[in-house]
Amino acid sequence: IFIRLLTNLTKSFTFSYGVAKLSVPAYFVDKSLAEIGFGRGGKWGVIVLLLQRKHEIMVSPSNAETLKPDDVLVVSGSWDKLEELFAQFQKNQNS
């Protein structure tokens, strides 16, 4: 999984929140953002700001959006929630 933390955050963000960019892992393909647990009321407590699909950028995609291979997400949430999400990615990748 390619994960790159975006370092150009504005000062309006507090240090407890962050933004991260990640490639969609294979086990997310053909699942909706809601099924995976993204969104304010979702399992992860992390929202999707952008979804890039080839040359298309979707700003604030619907939670009904189904992910495809090679999609890229830009997500935002508390660092604790982002770390939990990335730990789960790592665990699933190593399984």
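Owing to the predicted nature of the structure, the values given are computational and were not obtained by experimental measurement.

*Asks:* I'd like a description of the environment of R53, backed by residues and values.
*Replies:* Note that R53 resides in strand β3 (residues 47-53). With a relative accessible area of 17%, R53 lands in the buried category. It is 8.9 Å that separates the C-alpha atoms of R53 and L67, two residues lying 14 residues apart in sequence. What R53 contacts, discounting residues up to four positions off in sequence, is M58, E65, T66, L67, K68 and D71. One polar contact links R53 to D71, side chain to side chain, over a distance of 2.8 Å.

*Asks:* Help me get a handle on the packing of aromatic side chains, residues and values and all.
*Replies:* Summed over all chains, the structure comprises two aromatic pairs. With a centroid separation of 5.0 Å and 80 degrees between ring planes, the pair formed by Y27 and F28 is classed as edge-to-face. Overall, the relative accessible area of 26% leaves Y27 in the partly exposed class. Ring centres of F28 and F38 lie 6.2 Å apart, and the angle between their planes is 90 degrees; on these two criteria the pair is classed as edge-to-face. In this pair, F28 sits in the loop between β2 (17-23) and α1 (33-36) while F38 sits in the loop between α1 and β3, placing the two residues ten residues apart along the sequence.

*Asks:* Mind laying out the nonpolar core, listing which residues take part and the relevant values?
*Replies:* Counting 19 residues, the largest nonpolar core has F38, L67, L73 and V75 as the members making the most contacts within it. Secondary structure elements with two or more residues in this core: β2, α1, β3, β5 (72-78) and α2 (79-94). In terms of residue count, α2 provides more of this core than any other element does, four residues in total. Filtering out sequence-adjacent residues up to four positions away, V75 remains in contact with G18, V19, A20, L22, F38, V46, I47, V48, L49 and L82.

*Asks:* So, the pattern of salt bridges: which residues are in play, and what are the values?
*Replies:* Under the definition given, this model contains two salt bridges. Across the pair E65 and R53 runs a salt bridge, and its minimum N-O distance is 3.0 Å. Of this pair, E65 sits in the loop between β4 (56-59) and β5 while R53 sits in strand β3, and the two are twelve residues apart along the sequence. The salt bridge involving R53 is made with D71; its shortest N-O contact spans 2.8 Å. Here R53, found in strand β3, pairs with D71, found in the loop between β4 and β5; they are 18 residues apart in sequence, far enough to count as distant. Each of the two residues, R53 as well as D71, counts as buried. A single salt-bridge network, built from bridges that share partners, covers R53, E65 and D71.

*Asks:* Run through a nonpolar patch on the surface, naming residues and quoting values.
*Replies:* Together, L50, I57 and V59 make up a nonpolar patch on the protein surface, roughly 270 Å² of accessible area in all. Residue placement: I57 occurs in strand β4.

The rules behind each value
- Residues numbered from 1 in each chain as written.
- Predicted model: local features only at pLDDT ≥ 70, side-chain atom pairs only at ≥ 80, totals over all residues.
- Heavy atoms only, no water.
- Helix = DSSP H or I, 4+ residues; strand = E, 2+ residues; numbered from the N terminus.
- Buried < 20%, exposed > 50% of the residue type's maximum accessible area, 1.4 Å probe, protein only.
- Contact = heavy atoms within 4.5 Å.
- Polar contact = N/O pair within 3.5 Å; in protein donor to acceptor, adjacent residues only side chain to side chain.
- Phe/Tyr/Trp six-rings, centres within 6.5 Å; stacked < 30°, edge-to-face > 60°.
- Core = buried A, V, L, I, M, F, W, Y, C linked by side-chain atoms within 4.5 Å.
- Salt bridge = Lys/Arg side-chain N within 4 Å of Asp/Glu carboxyl O.
- Patch = residues over 30% accessible without salt bridge, like charges linked within 9 Å, V, L, I, M, F, W, Y side chains within 5 Å.
- Areas by Shrake-Rupley, 256 points an atom, 1.4 Å probe, with all protein chains shown as cover.

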